[in-house]
Amino acid sequence: MYLLVFHIYRGQPEKKMGIKASNTAEVHFEDVKIPLENVLGGEGGGFKVAMNILNNGRFGMAAALAGTMRGVIHKAIEHATARTQFGKKLESFGAIQEKIARMAMKHYVTESMAYMISANMDQGSKEFQIEAAISKIYGSEAAWFCCDEAIQILGGMGYMRECGLERVMRDLRIFRIFEGTNDILRLFIALTGIQYAGSSMKELQKAMKNPVGNAGILFDFAGKRAKRAVGMSSGPSLTEHVHSSLATSADQTSKSIYEFGATVEDILMKHGKKIVDEQFVLNRLAESAIEIYAMVSVLSRASRSLTAGHSSAQHEALMCTTYCDEAFHKVKICLEETQSGRNLKIYSNLSQISQDVIQCGGLMQQHPLGF
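In this text the structure is predicted, and so the values were computed from the model without any measurement.

1. Description of the pattern of salt bridges
Tallied over the entire structure, the rule returns 13 salt bridges. The shortest N-O distance in the salt bridge between Glu166 and Arg161 comes to 3.6 Å. Judged by its relative accessible area of 17%, Glu166 is buried. Between Arg284 and Glu337 there is a salt bridge, with its nearest N and O atoms 3.3 Å apart. Note that Arg284 is positioned in helix α9 (residues 279–308) and Glu337 in helix α10 (residues 313–337), a separation of 53 residues in sequence. Taken together, the shared-partner salt bridges connect Glu141, Arg186, Glu287, Glu291 and Lys330 into one network.

Below you can see the structure in the form of structure tokens.
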């Protein structure tokens, strides 16, 4: 019989920008030994346990942030409908209308993502890490956008502590950092998607070594590239799966999915394993994937509302078609930016500017007044 002595203690709570109701402190372990039978997930399985926890945390963020966005949008609308400026209500000005409309659309996307992931999980899906990462990125950035725009609509009043929005903004800032920073998650989304595409490319490489015995794979690949060269799509169509009034948006989404796949294929052929170092390119692939998932999410939800005859169905359809139209063009631009010579030159310039500033230890340019 023996006595095992160890210490677990925490440091003082940190002084943070926001979420002050939640204490954050360092936890210190000294001489702590864990019995083998207490190891979670088995030996070497801790990383998987941690990833599952992060997935659940990320998924929950979209749902939570949708609620936050609903609150700040309500506060903005209250002010816009009550405040008179230049003899007119704020709500009648186009600049304010655009802010409120974009806030409403971003909320619709975020909430739609949360419900789509929930449905997949309820149906037994175990692989939802990419969707969870996408919803975390989109929700955290959309919530920040909505809070910022709400403060702008309220003007000086929104900047006052009494209004309550300044606390929401401080609390929201952490959501782009914890559960995996949005920067890292963008790389995760892009590289995971490339990994799937890479497995298909490996099959093609094997076929190239024995072209006679694998003619089917080669002809299929050649056929897809030939169709793309003349502007024909061989990708999947979503039109048959959505309400007829959303056919154009479904077609835009299908084209985006196809072009995304084709771009990933081209990038893999160009960079191979070195793609992990091309973060300028990866970020634009991730942005495309996020927008495509957003399009699919709102298409699914709006179709359901139209089919069920909900009172808000036409409003939802309007948000869906507007969002998909803008997202379609955004995806097209992002994908073009992964390969255009002009953008590759810009990425090189940005890299050089960053290196110059870092080597200088700060900004390099001389002050105009000689300070």
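Next comes the rest of the write-up.
2. What to know about the packing of helix α8 (residues 247–271) against α9
Two elements in contact, α8 and α9, have axes whose closest approach is 10 Å; the angle formed by their N-to-C orientations is 155 degrees. Considering the angle they form, α8 stands roughly antiparallel to α9. Between α8 and α9 lies a crossing whose hand is left-handed. When α8 is examined against α9, the residues Ser249, Ala250, Gln252, Thr253, Ser256, Ile257, Phe260, Thr263, Val264 and Ile267 are found in contact with a partner set consisting of Val281, Leu285, Ser288, Ala289, Ile292, Met295, Val296 and Leu299. Across the contact of α8 with α9, the residue classes break down as 12 nonpolar, six polar and no charged.

3. A closer look at unusual backbone geometry
Residue Ile19 is not a glycine yet carries a positive backbone phi of 35 degrees. Its location among the elements puts Ile19 in the loop between β1 (7–10) and β2 (27–30). Residue class for Ile19 comes out partly exposed when judged on its relative accessible area of 25%. Of note, the phi angle at Phe86 is positive, near 55 degrees, even though the residue is not glycine.

Criteria and cut-off values
Each chain carries its own residue numbering, running from 1 in the written order of its sequence. Two thresholds apply to this predicted model, a pLDDT of at least 70 for residue-level local features and 80 or more for giving and counting side-chain atom pairs, whereas whole-chain, interface and lining totals are computed over all residues. As a rule here, side-chain values come from all non-hydrogen atoms in the structure, and water together with hydrogens is ignored. A carboxyl oxygen of Asp or Glu within 4 Å of a side-chain nitrogen of Lys or Arg is what we treat as a salt bridge. Summary of the burial criterion: residues with accessible area below 20% of their type's maximum are buried, those above 50% are exposed, and those between are partly exposed, where the area comes from a 1.4 Å probe applied to protein chains only. We count a stretch as a helix when DSSP gives it H or I for four or more residues in a row; a strand needs E for two or more, and each element gets its number in order from the N terminus. To get an axis, a line is fitted to the C-alpha atoms, and for a helix only the part in contact is used. The angle between two axes follows their N-to-C directions and goes from 0 to 180 degrees. Each angle gets one of four labels, with under 35 degrees taken as roughly parallel, over 145 as roughly antiparallel, 65 to 115 as roughly perpendicular, and the rest as oblique. When the near helix sits turned anticlockwise from the far one by under a right angle, the crossing is termed left-handed; a clockwise turn instead gives a right-handed crossing. Whether two residues touch is decided by their heavy atoms; if any such pair falls within 4.5 Å, the residues are in contact. Basically, the charged four are Asp, Glu, Lys and Arg, the nonpolar ten are Ala, Val, Leu, Ile, Met, Phe, Trp, Tyr, Cys and Pro, and anything else, Gly included, counts as polar.

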